[in-house]
Amino acid sequence: MAYTTETVTSTIRRWIVPAAKPGAPIGDINTACADACRAYREAHGLDGGAVIADDALRFHVRDDVIVIEFAIEAAS
């Protein structure tokens, strides 16, 4: 029987915006999102004007923060 193996390493990039009550200012969220989009394009070798897929970035609400993240996987 023939088979192959691979090891996949994931890197998760996160931008964490403080959002204590009454919440996070839109300017902070916009800035973090723009920085995350720029980092996503760089990580995937896309030019600055490239469209990013709708599901590329994930937003999560935690107790008192909003987290924006994406993952990069590399097989070795």
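Above this text sits the structure in question.
Residues numbered from 1 in each chain as written. Predicted model: local features only at pLDDT ≥ 70, side-chain atom pairs only at ≥ 80, totals over all residues. Heavy atoms only, no water.

Engineer: Explain the overall build of the chain here, please?
Structural biologist: On a plain count of helices and strands, the chain comes out with one helix and three strands. Element order for the chain, N to C, with α for helix and β for strand: β-α-β-β. Relative to the globule expectation of 11 Å for 76 residues, the C-alpha radius of gyration of the chain, 16 Å, shows a markedly less compact shape. Viewed in the frame of its principal axes, the chain has a C-alpha envelope of about 60 × 30 × 15 Å. (Helix = DSSP H or I, 4+ residues; strand = E, 2+ residues; numbered from the N terminus. Rg over C-alpha atoms; globule rule 2.2 N^0.38 Å.)

Engineer: Quick question: what am I supposed to make of the pattern of salt bridges here?
Structural biologist: When their charged atoms lie close together, side chains carrying opposite charge are able to pair. The final tally for this structure, using the stated rule, is two salt bridges. Residue Asp35 pairs with Arg38 through a salt bridge whose shortest N-O separation is 2.5 Å. Pair noted here: Asp35 and Arg38 are both in helix α1 (residues 26–43), with a separation of three residues, about one helical turn. (Salt bridge = Lys/Arg side-chain N within 4 Å of Asp/Glu carboxyl O.)

Engineer: Please explain the packing of aromatic side chains as it appears in this structure.
Structural biologist: Any two aromatic rings considered together are summarised by their centre-to-centre distance and by the angle between their planes. Inspection of every chain in the model, using the stated rule, returns two aromatic pairs. Between Trp15 and Phe70, the ring centres sit 5.7 Å apart and the planes meet at 25°, which makes this aromatic pair stacked. Taken together, the residues Trp15 in strand β1 (residues 8–18) and Phe70 in strand β3 (residues 65–75) connect sequence positions 55 residues apart. Take Trp15 and Phe70: they sit in the same class, and that class is buried. With a centroid separation of 5.2 Å and 80° between ring planes, the pair formed by Tyr40 and Phe70 is classed as edge-to-face. Here Tyr40 is found in helix α1, whereas its partner Phe70 is found in strand β3, with 30 residues between them in sequence. A relative accessible area of 2% places Phe70 in the buried class. Cluster of aromatic residues (ring-pair linked, three or more members): Trp15, Tyr40 and Phe70. (Phe/Tyr/Trp six-rings, centres within 6.5 Å; stacked < 30°, edge-to-face > 60°. Buried < 20%, exposed > 50% of the residue type's maximum accessible area, 1.4 Å probe, protein only.)

Engineer: Hey, could you run me through the nonpolar core in this one?
Structural biologist: Trp15, Tyr40, Leu57, Ile68 and Phe70 are the most contacted members of the largest nonpolar core, which totals 15 residues. Put simply, the parts of the chain that give this core at least two residues each are β1, α1 and β3. Among the elements that line this core, the one with the most residues is α1, at six residues. If we skip the residues at most four places from it in the chain, Ile68 touches Arg13, Arg14, Trp15, Ile29, Ala32, Cys33, Ala36, Leu57, Arg58 and Phe59. (Core = buried A, V, L, I, M, F, W, Y, C linked by side-chain atoms within 4.5 Å. Contact = heavy atoms within 4.5 Å.)

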